[in-house]
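Read off the chains here:
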Amino acid sequence: MTQDELKQAVARAARDYVADRLPQGAILGVGTGSTANFFIDELAAIKGRLGGTVASSEATAKRLAGHGIRVLDLNDIDAMGIYVDGADEIDHGLAMVKGGGGALTREKIVAAVAETFVCICDASKRVPVMGRFPLPVEVIPMARAHVARELQKLGGAPRLREGFVTDNGNLILDVHGLSITDPAGMEQVINQIVGVVTNGLFALRGADLLLLASPHGVQTFQR
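Residues numbered from 1 in each chain as written. Predicted model: local features only at pLDDT ≥ 70, side-chain atom pairs only at ≥ 80, totals over all residues. Heavy atoms only, no water.

Draft legend 1. Region of the structure containing unusual backbone geometry. A positive phi angle is found at Leu-94, which is not glycine, with a value near 70°. Relative to the elements of secondary structure, Leu-94 occurs in the loop between β4 (89-90) and β5 (96-97). (Helix = DSSP H or I, 4+ residues; strand = E, 2+ residues; numbered from the N terminus.)

Next up, the structure:
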């Protein structure tokens, strides 16, 4: 199977999970990225069950609206049952590195509100130790150089994501060369650097459920 076929398979599994678990008229959080895009396309088949969605990026909101799926502002809802999103890496404790698409801050906010975080990805994203994929860090523009120096002290090699500005008007530093053996600890340390908005480690609030696609089918893992 190609990677796109694996993404398609896990997107269908996530659609079925949502259809089975989310009450009629409930709110669904939707992530950002290539796997999330496959999921959005699958959602069109069950959009009548949804009270609305909350998008983690402008790109996701546009794709949802293109399918006629209602998009709500997070500030206008009181509760969200499920949030579905992909990951750039995920370990066996269901901590993740996210933000390859640059939407990490909004993804982290939506995930914080959801009762259940469902991660969808293919088997290539599951690793024993995260760090092979560069860790995205969203920074206030005037703090870019300061944050980069602090990240170097942690053993990383930060590189500015050239020509990219987040939906929040900020910059992304992609940190190479890390071996993330304590995801929750590193998430907290990086977030304490002045000028950091947030980083792409989702460990303090990791996934509750992983739907993992391989050539042998879609497996389910729970924390």
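Okay, back to it.
Draft legend 2. Geometry of the pairing of strand β12 (residues 209-214). Along β12, 6 of the 6 residues are buried, which leaves the element largely enclosed by surrounding structure. Residues Leu-209, Leu-211 and Ala-213 line one face of β12 and the alternating positions Leu-210, Leu-212 and Ser-214 line the opposite face, and both faces are buried. In the sheet, strand β6 (residues 114-122) pairs with β12 via 5 bridges, with the strands oriented parallel. For Cys-121, the partnering residue across the bridge sits in β12 and is Leu-212. Relative to strand β13 (residues 217-222), β12 runs antiparallel, the two sharing 6 bridges. Bridge pairing in β13 links Leu-210 to Phe-221. Connecting β12 to the antiparallel partner β13 that follows it, the hairpin turn spans 2 residues. (Buried < 20%, exposed > 50% of the residue type's maximum accessible area, 1.4 Å probe, protein only. Pairing = 2+ DSSP bridges.)

Draft legend 3. Quick look at the pattern of salt bridges. In the structure shown here, the tally under the stated rule is 11 salt bridges. Of the charged contacts in the structure, one is a salt bridge between Asp-41 and Arg-63, with a shortest N-O distance of 3.0 Å. A residue pair is termed long-range when its members are at least 10 positions apart, and Asp-41 in helix α2 (residues 34-43) and Arg-63 in helix α3 (residues 58-66) qualify at 22 residues. Among the residues examined, Arg-63 registers a relative accessible area of 32% and is labelled partly exposed. Residues Asp-85 and Lys-98 are paired through a salt bridge, measuring 2.7 Å at the closest nitrogen-oxygen approach. Remark: Lys-98 occurs in the loop between β5 and α4 (104-113) and Asp-85 occurs in strand β3 (residues 80-85); sequence separation between them is 13 residues. Accessibility assignment for this pair places Asp-85 and Lys-98 in one class, buried. (Salt bridge = Lys/Arg side-chain N within 4 Å of Asp/Glu carboxyl O.)

Draft legend 4. Looking closely at the pairing of β6. Judged by how many residues are buried, β6 sits mostly within the fold: 7 of 9 residues are covered. Across 5 bridges, β3 lies against β6 in parallel orientation. In the strand pairing of β6, Ile-82 is matched with Thr-116.

That's the geometry; what it means functionally is another story.
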